[in-house]
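Descriptive analysis of the structure
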Amino acid sequence: MKNCERFTELLSDYADNTLAPSAKRELDGHLQECPECHSAADGVINLRHNLRRLSTIQTSPDFETILRTRIKLDRRAHVAPIWGMPFVFPRRLATYSATAALAALCFFYLWQRLSANALSPFPAGIAVSQMQITPNQILPEVSPAKILYTLDQVTPQLWPNFGVTRKGTERLASTATDSANTADSTPSARVVSPRPVTF
Amino acid sequence: MPEPLQKFDKSISDEDLIEKFQRGDLYAYDAIVKRYKDQLLNFVFRFLGNQEEAEDVVQETFLRVYRKRHAYQRVAKFSTWIYTIAGNLARTELRRRNRRRFFSLSSLGVEDKEYEISDEMLSPERHTNTVLSEEIIQKEINRLSPKFREVIILRDIQELSYEEVSKIIRVPIGTVKSRVNRARLRLQGRLKHLLEKNK
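Below or above, wherever it landed, is the structure these notes cover. As the structure is a prediction and not an experimental result, all values here were calculated from the model.

This part covers the overall build of chain A. Summing up its helical and strand segments, chain A has 6 helices and 4 strands in all. Moving toward the C terminus, one meets the helices and strands of chain A in the order α-α-α-α-α-α-β-β-β-β. Out of the 199 residues belonging to chain A, those deemed buried represent 29%. Relative to all contacts within chain A whose residues are 6 or more apart in sequence, the contacts with residues 24 or more apart total 44%.

Pasting the structure below:
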């Protein structure tokens, strides 16, 4: 059995006819004694013969036309400039676009945050909203939010409450007092900025 | 000045052709395509078992040759270089196909169906014995693992030397011989009945 294993390793060379004469003689002797190895050797020789006889297939008639088109497209893709820059592969282009979009989004978000903080008299992190109010409307004092009003939207009687001494249209910030502490329904708006508006 | 295609007869070596192509002669490229398209198609087809996929891989191979023509250096045989490209692409395609099969439940068993031998196929009216044998042989080749499949195709179907196979798949010549031997023994074991009938 151990001998069979050793001889099996030589079967391929035997089929290729590349065995050294001494090894070939030895193997021939073994094959005469061992029917299993003899059958395997026959099988390998036969298999080799059958594999060589396998029919060949041919490329489709339009193979070369398709290839030429692909080359043409490929060449164009590598030459065509986009905004003066050499073309990048579509997959890379998608990655670059996604990165650029993400960067733009981050930049826009940060810019919004920074500009809001710069304009707002309130500490960062406090939401500031703008609301439309009509003349003579009672200003809400219950809202915890800090609200920006334009002067022309506030009734003149309430101007002093906003620290306004002269006519103007400049924006003032106002905040409502905490609703939980105040049950008083008198319209009032507390001035956040103690400085009067100058024109 | 490029030479017309007719001038590139078989007396011109592959290495001369690729050199001409490297210098810009597109007729030389056409001659290379004509020389290798069917050889490569048969190699890739036996490896993948699907003609359409094989043709795609061969197209991609020639496209790579076109793009990377300057990467070829005359120290190696051109046939080794182009077979290496085709083999790498075929292996990639096989991995991709396995991934697709892994993720798609519906495709399970498709490959088996492709080579299933129905009663109808067995009828002599529809298929000759040769076709049937080839189907069975191809099915058994596909059942081999890729590393065995590749060497047996290159050695026994493409009839390349052990040395060339070794260079193409980049493994030592001893390993190639051992793989070829094991692949042959495995195939002959599975195809024993068919081989005895075809004797």
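The rest of the description comes next.
It is worth spelling out the interface of chain A and chain B at this point. Counting from both sides, the interface comprises 36 residues of chain A and, opposite them, 42 residues of chain B. Carbon and sulfur atoms supply 53% of the area buried between chain A and chain B, which totals about 3,600 Å² over both sides. Contact with chain B buries area across many residues of chain A, yet A:Leu51, A:Ile57 and A:Phe63 alone supply 18% of it, more than any other trio. Taken together, chain A and chain B are joined by 8 salt bridges. Notably, a salt bridge pairs B:Arg184 with A:Asp16, separated by 2.9 Å at the nearest N-O pair. Put simply, chain A and chain B have 19 residue pairs in polar contact (both at pLDDT 80 or more) between them. For the side of chain A that touches chain B, the secondary-structure elements that each account for two or more residues are helix 2 (11-16), helix 4 (35-52) and helix 5 (63-79) of chain A. In terms of residue count, helix 4 of chain A provides more of the side of chain A that touches chain B than any other element does, 11 residues in total.

Before going further, it helps to spend a moment on the packing of helix 2 (residues 26-48) of chain B against helix 3 (residues 51-67) of chain B. Residue and element names in this part refer to chain B. At a minimum axis separation of 8 Å, helix 2 and helix 3 run at an interaxial angle of 145°. Helix 3 is crossed by helix 2, and the crossing has right-handed handedness. Residue-level contacts link Leu26, Tyr29, Ile32, Val33, Tyr36, Lys37, Leu40, Leu41, Val44, Phe45 and Leu48 of helix 2 to Gln51, Glu53, Ala54, Glu55, Val57, Val58, Thr61, Phe62, Leu63, Val65 and Tyr66 of helix 3.

Looking now at the pattern of salt bridges. Applying the stated criterion to the full structure yields 25 salt bridges over all chains. With a closest N to O distance of 3.3 Å, B:Arg64 and B:Glu60 form a salt bridge. Of this pair, B:Arg64 and B:Glu60 both sit in helix 3, 4 residues apart, which is roughly one turn of the helix. Where salt bridges share partners, they join A:Asp16, A:Arg48, B:Arg155, B:Asp156 and B:Arg184 into one cluster.

Here the focus is unusual backbone geometry. Even without glycine at this site, A:Asn17 takes up a positive phi of about 65°. Along the chain, A:Asn17 turns up in the loop between helix 2 and helix 3 (21-33). Even without glycine at this site, B:Glu159 takes up a positive phi of about 60°. Residue B:Glu159 is classed as partly exposed on the basis of its relative accessible area, which comes to 44%.

Grouped together as the largest cluster of nonpolar side chains are 63 residues, with contacts concentrated most on A:Leu51, B:Tyr29, B:Val44, B:Phe62, B:Phe78 and B:Tyr83. A total of 13 residues in this core trace back to one element, the largest contributor, which is helix 2 of chain B. For B:Tyr29, the contacting residues outside a window of four places in its chain are A:Leu67, A:Ile71, B:Phe21, B:Phe62, B:Leu63, B:Val65 and B:Tyr66. Ranked by size, the runner-up nonpolar core spans 12 residues in total, among them A:Phe7, A:Leu11, A:Leu27 and A:Ala41.

Quick look at the environment of B:Val58 now. Positionally, B:Val58 belongs in helix 3. In this structure, the C-alpha to C-alpha distance between B:Val58 and B:Asp38, residues 20 residues apart in sequence, is 9.1 Å. Each residue touching B:Val58, except ones within four places of it in the same chain, is listed here: A:Phe63, B:Lys37, B:Leu40, B:Leu41 and B:Val44.

Reading guide: rules and limits
- Residues numbered from 1 in each chain as written.
- Chains lettered and ligands numbered in written order.
- Predicted model: local features only at pLDDT ≥ 70, side-chain atom pairs only at ≥ 80, totals over all residues.
- Heavy atoms only, no water.
- Helix = DSSP H or I, 4+ residues; strand = E, 2+ residues; numbered from the N terminus.
- Buried < 20%, exposed > 50% of the residue type's maximum accessible area, 1.4 Å probe, protein only.
- Contact = heavy atoms within 4.5 Å.
- Buried area = accessible area lost by both parts, 1.4 Å probe.
- Salt bridge = Lys/Arg side-chain N within 4 Å of Asp/Glu carboxyl O.
- Polar contact = N/O pair within 3.5 Å; in protein donor to acceptor, adjacent residues only side chain to side chain.
- Axes fitted to C-alpha atoms, helices over the stretch in contact; angles between N-to-C directions.
- Left-handed = near helix turned anticlockwise from the far one by under 90°.
- Core = buried A, V, L, I, M, F, W, Y, C linked by side-chain atoms within 4.5 Å.

Take it as geometry only, folks, not as evidence of what the structure does.
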